[in-house]
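Here is how the chains run, residue by residue.
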Amino acid sequence: MNVLVTGGAGYIGSHAVKILIEQGYNVVVIDNLSTGYKDAIDSRAKFYNLDIRDLDKVIDVLKTNKIDSVIHFAAFSLVGESMEKPLKYYENNVYGTKVLLDAMNQANVKKIVFSSTAAVYGDKDISPITEELEETPSNAYGETKLAMEKMMKWADIAYGIKYIALRYFNVAGAYFTGEIGESHNPETHLIPIILQVPLGKRKSISVYGNDYDTPDGTCIRDYIHIEDLISAHILAMKKLEKDNSSNFYNLGSGMGFSVLEMIEAARVVTKHKIPVIISERRLGDPARLIASSLKAEKELGWVKKYTEVKDIIGSAWKFHQLHKDGFNNEN
Ligand code: UFG
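Residues numbered from 1 in each chain as written. Predicted model: local features only at pLDDT ≥ 70, side-chain atom pairs only at ≥ 80, totals over all residues. Heavy atoms only, no water.

A. How the structure looks around the overall build of the protein chain. When helices and strands are counted, the protein chain shows ten helices and 13 strands. Based on the C-alpha atoms only, the size of the protein chain along its principal axes is roughly 55 × 45 × 40 Å. The buried share of the protein chain, taken over its 331 residues, is 57%. Taking contacts inside the protein chain between residues at least 6 apart in sequence as the whole, the part at least 24 apart equals 78%. When the accessible surface of the protein chain is totalled, it reaches about 14500 Å², and 50% of it is carbon and sulfur. Looking at charge distribution, the protein chain has the averaged site of its 39 positive side-chain charges lying 3 Å from that of its 43 negative ones. (Helix = DSSP H or I, 4+ residues; strand = E, 2+ residues; numbered from the N terminus. Buried < 20%, exposed > 50% of the residue type's maximum accessible area, 1.4 Å probe, protein only. Contact = heavy atoms within 4.5 Å. Areas by Shrake-Rupley, 256 points an atom, 1.4 Å probe, with all protein chains shown as cover. Lys, Arg positive; Asp, Glu negative; His and termini not counted. Charge placed at Lys NZ, Arg CZ, Asp CG, Glu CD.)

Right, dumping it as structure tokens:
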């Protein structure tokens, strides 16, 4: 089976590429390397340095490689940046998806699995978050992902393109070998930032607020291991093959950990003190985000391998020790 992965050079996309190849799929990657790294793409994949907004070339890639299904990751994903530059997010995420769907329709490729986000729910004082809750994004990033989901709905009705949207909570960790992992520049995510302390790249970690309405006052998040996340994508792709019907699912662990609990777990894993500085709250951070993933478990048959946060942080630590300076795009 031939699978096109857009954004295959990014953190999540590069893990999908590797795991798909390990499972015997033929993988073709489109990535414009704006935030991803060529080094992160498994060398067994066929790589096109291409922007998804280039309609004619995307049609050509789909046809030349006889693509059966698309897994779509190519998007910008920083909440803070999306508030400062919303149009940049509409241009890449919404318009990019429009062009991709147009190309799929013209090339007669009718199945797509894609990354949505917990940010579509906005600030809900409800835990855990189920798929029945209303979507009310509170930032531009979540709004563009919701717009992508809605676009898919109408493309399904009009052109019969079937989709599964996967709403991720906090994706974390790295491939078990440590070959690939989370590497952003600049880095804003909690676990890589915590690990910069034992790596000697920063002296302490700033905790953004300890006056939230949570047991220790710091924000609670649901951390899901990247390999478990990708296994859900493959199950979703198989479900589309079998049932040919569109749907959407939350992907999370169902467990919540506070920022201070994550730091404590990282201390155990790295055997480093990891000093903490309590700072101001970060704009737009909800106090608590915990997923219910029962729908994915029931309907996709999704079973998670990683249930311990120490193992998730441990896999990230392995990657960061092997790639102290991240990836590059040199070759
Ligand atoms: N945090 C700190 N210090 C840091 C970095 C983060 O205290 O240096 C805190 C944040 O305030 C937050 C938690 O750690 O409470 C997790 O922050 P991340 O930036 O790692 O992740 P977010 O929960 O903000 O965002 C994630 C994804 C987004 C997605 C969102 C959905 O990265 O793409 O979940 O809610 F939109």
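B. Seen up close, the site of the ligand. By nearness alone, 21 residues border the ligand, and Leu190, Ser206, Arg221, Arg282 and Asp285 come closest of all. The backbone of Tyr208 places a nitrogen or oxygen atom 3.0 Å from an oxygen atom of the ligand. Side-chain polar atom of Arg282 to an oxygen atom of the ligand: 2.7 Å apart, as the coordinates give it. The set of elements that each furnish at least two residues to the shell around the ligand consists of α6 (190–196) and β8 (205–208). If you tally residues by element for the shell around the ligand, the top one is β8, at four residues. Split into classes, the residues belonging to the shell around the ligand amount to twelve nonpolar, six polar and three charged. (Near = heavy atom within 4 Å. Polar contact = N/O pair within 3.5 Å; in protein donor to acceptor, adjacent residues only side chain to side chain. Nonpolar A, V, L, I, M, F, W, Y, C, P; charged D, E, K, R; others polar.)

C. The arrangement of the environment of Pro286 in detail. Assignment of secondary structure puts Pro286 in the loop between β13 (276–279) and α9 (294–300). A relative accessible area of 15% means that Pro286 is categorised as buried. Contacts of Pro286, omitting those with residues within four sequence positions, involve Asp123, Cys219 and Arg221.

D. Structural detail: helix α10 (residues 309–322). Compared with an ideal rise of 1.5 Å per residue, which puts 14 residues at 20 Å, α10 spans 20 Å between its outermost C-alpha atoms and is within 8% of the ideal. The complete set of buried residues in α10 reads Val309, Ile312, Ile313, Ser315, Ala316, Trp317, Phe319 and His320. (Expected span 1.5 Å × (residues − 1).)

E. Fine view of the sheet that holds strand β3 (residues 46–49). Read across the sheet, seven strands follow the order β3-β2-β1-β4-β5-β6-β11 without closing on themselves; strand pairing throughout is parallel. The open sheet has two edge strands with one neighbour each: β3 and β11 (247–251). Between one strand axis and the next, the sheet turns by 20° as a mean value, whatever way the strands run. With three bridges connecting them, strand β4 (residues 69–72) and strand β5 (residues 111–117) associate as parallel partners. Within β5, the residue paired with Val70 across the bridge is Ile112. (Pairing = 2+ DSSP bridges. Axes fitted to C-alpha atoms, helices over the stretch in contact; angles between N-to-C directions.)

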